[in-house]
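The lines below spell out each chain.
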Amino acid sequence: MEEERFDIKKEVFDFVKLLVFWFVVFMVVTRFIVNPIQVIGNSMYPTLKDKERGFSSIISRNFDIHRFDIVVVEAKDNSNDHWVKRVIGMPNETIECRDDVIYINGEPLEQDFLDEEYVASEVAIYGRFTEDFGPFILGEDEYFLMGDNRQHSTDSRVVGAFHKDEITSVGIFIYYPFDEFGIK
């Protein structure tokens, strides 16, 4: 019976191959399938909280984007950052807000996703939840995005509409902290 010799060169080579394999898998997954995200700031509070971590679907951006989807977009402040916002206005719509009511093509918009208690607390402080804006007339490939925390969000009200190619991913799956685990 012949004993196998420990070959350090072979072990190192195998380890390097394994690292390269997992690096390639990681790059493919994060470039074409999911986008790892960390929420920074409170613009989507209370839906998403500062420092939450999760994934967003890159694949989904190639399909239809729907009103109220949470999306990740390239920041328009030349920072190379990404913002997490909610789709409020869709292509070819006119959007405006008067007296705390958002109108799409003249019709009031129901925003059932908003936390009513939080909205009431912000109204008590600021007198309204959403400042008047618009009208904004969206083009063929433009989306109007807003944070859920209207008094504390830089979004389309300030920087204008976003084009579909500026949307990097759609939907959020939070994995940390564990008590927030799930799809938002």
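You'll find the structure just up there.
In what follows, the accompanying structure is described.

Definitions and cut-offs
- Residues numbered from 1 in each chain as written.
- Predicted model: local features only at pLDDT ≥ 70, side-chain atom pairs only at ≥ 80, totals over all residues.
- Heavy atoms only, no water.
- Pairing = 2+ DSSP bridges.
- Helix = DSSP H or I, 4+ residues; strand = E, 2+ residues; numbered from the N terminus.
- Salt bridge = Lys/Arg side-chain N within 4 Å of Asp/Glu carboxyl O.
- Buried < 20%, exposed > 50% of the residue type's maximum accessible area, 1.4 Å probe, protein only.
- Expected span 1.5 Å × (residues − 1).
- Polar contact = N/O pair within 3.5 Å; in protein donor to acceptor, adjacent residues only side chain to side chain.
- Contact = heavy atoms within 4.5 Å.
- Core = buried A, V, L, I, M, F, W, Y, C linked by side-chain atoms within 4.5 Å.

Re the sheet that holds strand S5 (residues 94–98)
As summarised here, the arrangement of the four strands in space is S7-S6-S5-S8, forming an open sheet in which the pairing is antiparallel. With one partner strand each, in any of the chains shown, strand S7 (107–108) and strand S8 (133–137) form the two edges of the open sheet. The sheet contact formed by S5 and strand S6 (residues 101–104) spans four bridges and is antiparallel. What sits directly across from Glu-96, in S6, is Tyr-103.

Here's the deal with the pattern of salt bridges
Counted under the stated rule, the structure contains 10 salt bridges. With a shortest N-O distance of 3.0 Å, Lys-10 and Asp-14 are connected by a salt bridge. Taken together, the residues Lys-10 and Asp-14, both in helix H1 (residues 8–32) and four residues apart, mark about one turn of the helix. Given a relative accessible area of 45%, Lys-10 falls into the partly exposed group. Asp-14 sits in the partly exposed class, given a relative accessible area of 28%. In this structure, Lys-49 and Glu-180 form a salt bridge, with 3.6 Å as the shortest nitrogen-oxygen distance. Taken as a pair, Lys-49 in the loop between strand S1 (34–38) and strand S2 (53–57) and Glu-180 in the loop between strand S11 (167–176) and strand S12 (182–183) lie far apart in primary sequence, 131 residues in all. With a relative accessible area of 18%, Glu-180 lands in the buried category. Among the charged side chains, a salt-bridge network with shared partners connects Lys-10, Asp-14 and Lys-17.

Digging into the pairing of S5
As defined by bridge partners, S5 adjoins S8 across three bridges and the pair is classed as antiparallel. If you follow Ile-95 over to S8, its bridge partner there is Phe-136. From the end of S5 to the start of S6, which pair antiparallel, there are two residues, and Asp-99 there has a positive phi angle of about 50°.

Let's talk about H1
Across its 25 residues, H1 extends 36 Å between first and last C-alpha, which sits within 8% of the 36 Å expected from 1.5 Å per residue. For H1, the capping residue at the N-terminal end is Asp-7, with a side-chain oxygen 3.2 Å from the backbone nitrogen of Lys-9.

A closer look at the environment of Gly-134
Locating Gly-134 in the fold gives a position in strand S8. When the C-alpha positions of Gly-134 and Ser-169 are compared, they lie 26 Å apart, and in sequence the two are 35 residues distant. Setting aside its immediate chain neighbours within four residues, Gly-134 contacts Ile-95 and Glu-96.

Quick word on the nonpolar core
Counting residues in each nonpolar core, the largest one holds 12 residues, listed as Ile-65, Val-71, Val-73, Ala-75, Trp-83, Val-87, Met-90, Tyr-143, Leu-145, Phe-162, Ile-167 and Val-170. The set of elements that each furnish at least two residues to this core consists of strand S3 (70–74), strand S4 (82–89), strand S9 (142–146) and S11. In this structure, Val-87 is in contact with Ile-65, His-66, Arg-67, Phe-68, Asp-69, Val-71, Tyr-143, Phe-144 and Leu-145, ignoring residues within four places of it in sequence. Counting residues in each nonpolar core, the second largest holds 11 residues, with Ile-102, Ile-104, Phe-133 and Phe-144 among its members.

It is worth stressing that arrangement in space is one thing and function is another; only the former is reported here.
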